[in-house]
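# Examining the three-dimensional arrangement
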Amino acid sequence: MLSEQAIIAALEAGKPISGQFAEGAFHLEVREYVPYIATAVHAGHRTRASLKSWYAISDAERLQEEDPFTDGMIESLPITLIARDSRYEYDLNRAPEQAIYTQAWGKQVWTEALPNAEVDVSLSKHAAYYRVLSALLTTVERKFGACVLFDVHSYNYQIRSHAYAPTFNIGTAQLDTLRFRTVLDELKKQLGLKKLAGQLVDCAENTVFQGHGYQANYITRHFDNTLVIPLEVKKVFMDENSGELFPVVFEKLQRNMHVALSKTAKTFAKNHCYKPLRKAKSTSLLDPALINVDAALYRIAKNLETLHYVNPSNIAQEKRRFFSKRHYQPIFKYRPLKIDPYEFKEQLYRLPVGKIQDPIVKDLYRKVIDSYATKIELITQIGREAFLYNSLRYYGEPDYNDINNATFLLHARETETLPKKDITAEQALVRFNQAIETMGLPCKVAISSKLVAKAMVDNSKRLLLVNSSAMLSELDINALIEHEIGVHLLTTLNADAQQLKVLHLGLPGNTYTQEGLAIYREYQSGQINLTRLKVLALRVIAVNMLLKGDKFYQVYEFLADSGVLNVNEAFALTTRIFRGGGFTKDHLYLKGFKDIVQLANSRSLDNLYLGKTGIAHLDALDALVEQGIFTRPKYLPDSSRDPEPDTILSYLISSIK
């Protein structure tokens, strides 16, 4: 509880502040000073005890016409002013002389006229709200030259008849729409970008409400450089009659509004402020709830490396048996799981993610937790029939487009002689060490006899492992430097540099994104040829054959007869696909590459290098870097020496749909 004088003094001094005034009449939160404010003047439901005997309407009737949960829609923003008292005690969006209802929506509010003493108490709180609001706007205008205030409300659409009830309604009756048209259009665009519970949303102007409220009038009359935007949200997030919240819809709405209001504020600041919106805050000031959840999640999930468990431990023995006996079905052995899957999932879902303030971050962590719950089910079923089902849940399967793209690439004619594979694993190790030293990266290289791939990164050890039986060409070496070191190791190091460890664990879709980036780096650096693209295509076809029921030897024979792979490479790729019981991951390489190429034509990919990220989360990552939740990637690929792309390869890649 803070006095009005303490609040105004803190505002005038430009200090952060968090507190309630007048026994909780309203709550002011200023985490940092920015040129945008959000208010929820009808969010409150409480009334003081001395009035309760005077009400002629019930709590449920009051709730129906209040704007519950509008405070939650804006609570993650840096500056919020939220009413806790009910509009049925005094309405902050009405002038003082009209602020206390006699009747509302056809119902008598009081059993008899209120005593003057009670009226005076209510109006004193109404006046105090506007004095604090004035002090807040004065401070923000002084700091930035201008301010935008989002005046957030909600409205009933089921118990009332509306010819048209948009998801969002902006009221502009009291605004200088000519002066602020760019900002208003940006808000409408941002609010309409994302679906809500699978449904399209729309944002209209002056359809259900026109924005005639007192707060907008007061601000427009007293502050020349503050734009106030009355915003009504249709109550699709709750049951209008019972007041029950729909949590999944609300959390999506909360996240969408946070993004929309923040991006609109950025547009406003660019066009109307004389000071930049804000600098990224120090990660030392992160939400304590977020830090606690992140640390706990990392502690639970840090050792859950899929490839550690899914790579067979007896590949060499089964390879000898396969080549000595036609149609032999290899029987692979795997490391025992050292985690109790049920306890693992229980620990995941006990994490208090709901306490995280920022809705973008909260949404990100919930998706990571769901992804890890699926991942543990995948690993638990290694070597069993259910593994393939869980692989499909986690990695998906090639679709019609993927298969067509793969078939298209396999029909392309080779125009170059294939490079000779005469470099051993020991020789490759020397080259990889030289590359790491040149890049100045704090990591190591080692040889392993337990790999299916030619090379792979052990993220937890910052270690590049090279397959002891691999024979590589010069092109292979250069491609692996770009692929394994230039992407997989760089993103591991960038993730380790973050205060939060979630990007070390990996966001949903990180495999598809990582492999897409890695193949893209091969392409950018000129270390890819048509054979490499055909190998990616063969992975798609091989996964599809597995899903259609083909046996190990049938997939192997197809690959060996393709003219692209030798017998050892065909066995290795077949093993990649069949390990665990059916590992569908490999179809993602070509899909990821295709999508990264398209994405690179329209925006920067830098923030995909923050760690084990996902393409679907790039907008969120951009926003969180700007907020200072994540720091910009320390390591990025060196593209300064990249050659012009090969004309034929570029044509083929551009033809992938």
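This structure is a prediction, so every number in the text was calculated from the model and none was measured.

Our focus in this paragraph is the nonpolar core. Formed by 100 residues in total, the largest nonpolar core has its most connected members in Leu 297, Tyr 365 and Phe 630. Ranked by the residues each element gives to this core, the list is headed by helix 19 (residues 530-548), at twelve residues. In contact with Tyr 365, other than residues within four places in its own chain, are Leu 290, Val 293, Asp 294, Leu 297, Val 353, Ile 356, Leu 500 and Val 502. Core analysis: the next-biggest nonpolar cluster, separate from the first, contains 88 residues, Ile 8, Leu 11, Val 183 and Leu 253 among them.

Our next topic: the pattern of salt bridges. Here the structure, examined in full by the defined rule, presents 41 salt bridges. Across the pair Lys 125 and Asp 85 runs a salt bridge, and its minimum N-O distance is 2.9 Å. Residue Lys 125 is located in helix 4 (residues 116-144), and its partner Asp 85 is located in the loop between strand 4 (79-83) and strand 5 (103-104); the two are separated by 40 residues in the primary sequence. The exposure class of Asp 85 is buried, given its relative accessible area of 2%. Among the ionic pairs, Asp 402 bridges to Lys 591, the shortest N-O distance being 2.8 Å. In this pair, Asp 402 is assigned in helix 14 (residues 400-410) and Lys 591 in helix 22 (residues 588-600), connecting sequence segments 189 residues apart. Note on accessibility: Asp 402 and Lys 591 belong to one class, buried. When salt bridges with common partners are traced through the structure, they connect Arg 46, Arg 48, Asp 85, Glu 89, Glu 118 and Lys 125 into a single cluster.

In this section: the domain arrangement of the chain. Considered domain by domain, the chain is made up of domain 1 (4-272), domain 2 (290-420 + 473-655) and domain 3 (421-472). One C-alpha centre belongs to domain 1, the other to domain 2, and the line joining them spans 46 Å. Contacts between the two partners involve nine residues from domain 1, matched on the other side by eleven residues from domain 2. Between domain 1 and domain 2, a total of about 890 Å² is buried, with carbon and sulfur atoms accounting for 45% of that surface. Across the domain 1-domain 2 interface, the total number found is three salt bridges. A salt bridge links Arg 366 to Glu 251; its shortest N-O distance comes to 2.2 Å.

By the definition in use, this model includes 29 aromatic pairs. Measuring from ring centre to ring centre gives 5.6 Å for Phe 322 and Phe 571, while their planes differ by 45°; the resulting arrangement is tilted. With Phe 322 in helix 10 (residues 315-324) and Phe 571 in helix 21 (residues 567-578), the pair connects residues that are 249 residues apart, well separated along the chain. Here Phe 322 matches Phe 571 in class, with each residue buried. Its end group placed over the ring of Tyr 55, Arg 62 keeps NZ or CZ at 5.4 Å from the ring centre. Of note, Lys 143 hangs over the ring of Tyr 33, and the distance from its end group to the ring centre comes to 5.1 Å.

What counts and how
Residues numbered from 1 in each chain as written. Predicted model: local features only at pLDDT ≥ 70, side-chain atom pairs only at ≥ 80, totals over all residues. Heavy atoms only, no water. Core = buried A, V, L, I, M, F, W, Y, C linked by side-chain atoms within 4.5 Å. Buried < 20%, exposed > 50% of the residue type's maximum accessible area, 1.4 Å probe, protein only. Helix = DSSP H or I, 4+ residues; strand = E, 2+ residues; numbered from the N terminus. Contact = heavy atoms within 4.5 Å. Salt bridge = Lys/Arg side-chain N within 4 Å of Asp/Glu carboxyl O. Domains from an automatic or database assignment. Buried area = accessible area lost by both parts, 1.4 Å probe. Phe/Tyr/Trp six-rings, centres within 6.5 Å; stacked < 30°, edge-to-face > 60°. Lys NZ or Arg CZ within 6 Å of the ring centre and 35° of its normal.

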